[in-house]
Amino acid sequence: MRYFLVKSSIAIVSAYLFTATVLYASDRGHEEPHWGYDGIAGPEKWGSLKSGHERCQDGERQSPIDIKISEATEGKTLESIFVHYTNAPLEIVNNGHTIQVNGDGHSTAVIGGKEFTLVQLHFHEGSEHTVDGKQYPMEVHLVHQSEVGELAVIGVFMDIGDPNEVVKTVFDNMPAQAGEKKVDDGIKINATGLLPDRRGFYHYLGSLTTPPCTQIVEWYVMKEPITISEAQHAQFQKLYKNTFRPTQELGARKLLHK
Ligand SMILES: [Zn+2]
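Residues numbered from 1 in each chain as written. Predicted model: local features only at pLDDT ≥ 70, side-chain atom pairs only at ≥ 80, totals over all residues.

## As for the overall build of the protein
Logical step 1: Each helix and strand in the protein was counted, giving five helices and 16 strands.
Logical step 2: The buried share of the protein, reckoned over its 258 residues, is 40%.
Logical step 3: Counted over contacts in the protein with a minimum sequence separation of 6, partners at least 24 positions apart contribute 71%. (Helix = DSSP H or I, 4+ residues; strand = E, 2+ residues; numbered from the N terminus. Buried ≥ 20, exposed ≤ 12 C-beta atoms within 10 Å, placed from the backbone. Contact = placed C-beta atoms within 7 Å.)

## Let's talk about the pairing of strand S6 (residues 108–111)
Logical step 1: Side chains Ala 109 and Ile 111 project from S6 onto a buried face, and the interleaved Thr 108 and Val 110 project onto a face without burial.
Logical step 2: Relative to strand S7 (residues 114–125), S6 is paired through four bridges, and the arrangement is antiparallel. When the sheet's bridge partners are listed, Ile 111 is paired in S7 with Lys 114.
Logical step 3: Following S6, the chain reverses through two residues before pairing antiparallel with S7; Gly 112 in that reversal takes a positive phi of roughly 60°. (Pairing = 2+ DSSP bridges.)

## Some thoughts on the confidence of the model for the protein
Logical step 1: Across the protein, the average pLDDT comes to 90, with 87% of residues at or above 70.
Logical step 2: Note that residues 1–33 has pLDDT below 50 and, in this model, 42 contacts with residues that lie over four places away or in other chains. (pLDDT = per-residue confidence, 0-100.)

## Here's the deal with the sheet that holds strand S1 (residues 66–67)
Logical step 1: Judged by pairing direction, the sheet is mixed, and its three strands sit side by side in the order S1-S8-S9 without closing on themselves. Looking at the sheet topology across the chains shown, the edges are occupied by S1 and strand S9 (134–135).
Logical step 2: Sheet topology places strand S8 (residues 130–131) next to S9; two bridges connect them, and they run antiparallel. Bridging from a neighbouring strand, Thr 130 pairs with Gln 135 of S9.

## Remarks on the environment of Leu 121
Logical step 1: Along the chain, Leu 121 turns up in strand S7.
Logical step 2: Residue classification places Leu 121 among the buried positions, given that 25 C-beta atoms sit within 10 Å.
Logical step 3: In this structure, the C-alpha to C-alpha distance between Leu 121 and Leu 142, residues 21 residues apart in sequence, is 4.4 Å.
Logical step 4: The contact partners of Leu 121, leaving out residues within four places of it in the chain, are Val 101, Val 140, His 141, Leu 142, Val 143, Ala 191 and Leu 194.

Okay, structure coming up:
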């Protein structure tokens with residue numbers, strides 16, 4: 001089942017590569033936001049807002065999901081995640097939907113035994129995935145792309161606790177206006193600091209959690225959250241609040257854990 005899904009996602013990936021590039025590798029932060037998280041352009045409407053976004057409505061492999069721990073099977077053949085993130089000069093964008101930090105192409109990771117490059121990372125206020133119905137204050141998505149365009153996203157829950165140093169660097173440099181971008185070679189970001197110490201994860205096959213909801217994402221959601229302080233959470237909320245898509249049905253998919 002998994003093999004088939006992965007194969008089919010490779011097959012459709014070239015068709016969606018342009019879209020994925022726009023979403024993930026882009027500096028096109030100035031693009032007009034045509035969808036949102038509430039009201040007439042909210043998640044319930046995403047599928048009908050624009051042609052090409054139909055999967056948001058009729059897709060059967062959508063993300064995020066509620067992770068029901070009792071439904072997660074041990075993935076005996078799942079490989080551990082190995083990250084090789086380097087210090088990257090800060091390139092940070094307010095794209096109108098979130099704050100996004102672009103990778104410089106040198107941070108890599110071996111995920112599911114395959115080599116990926118960290119393309120960008122971004123934040124959701126209100127976690128997108130939930131665990132047995134529990135929503136965390138925030139979630140960071142580390143978006144990786146392979147040479148042939150496969151996408152693997154590591155999701156990390158952000159709970160309230162001790163402040164996080166990498167989050168401090170990012171949040172202290174967030175452009176306040178949608179469409180704004182800041183580049184500063186003097187500031188370095190190492191995304192390793194956004195990962196928990198223990199790297200156990202949940203894994204399933206899903207989609208982008210924003211339009212066009214393309215079903216090409218291998219999801220790896222870390223079991224252990226990182227922490228940010230109350231003040232850091234409030235700092236982000238000044239720019240973005242409630243930027244999560246509601247959870248979608250797992251359906252026939254397998255939820256694995258390691
Ligand atoms: Zn995301």
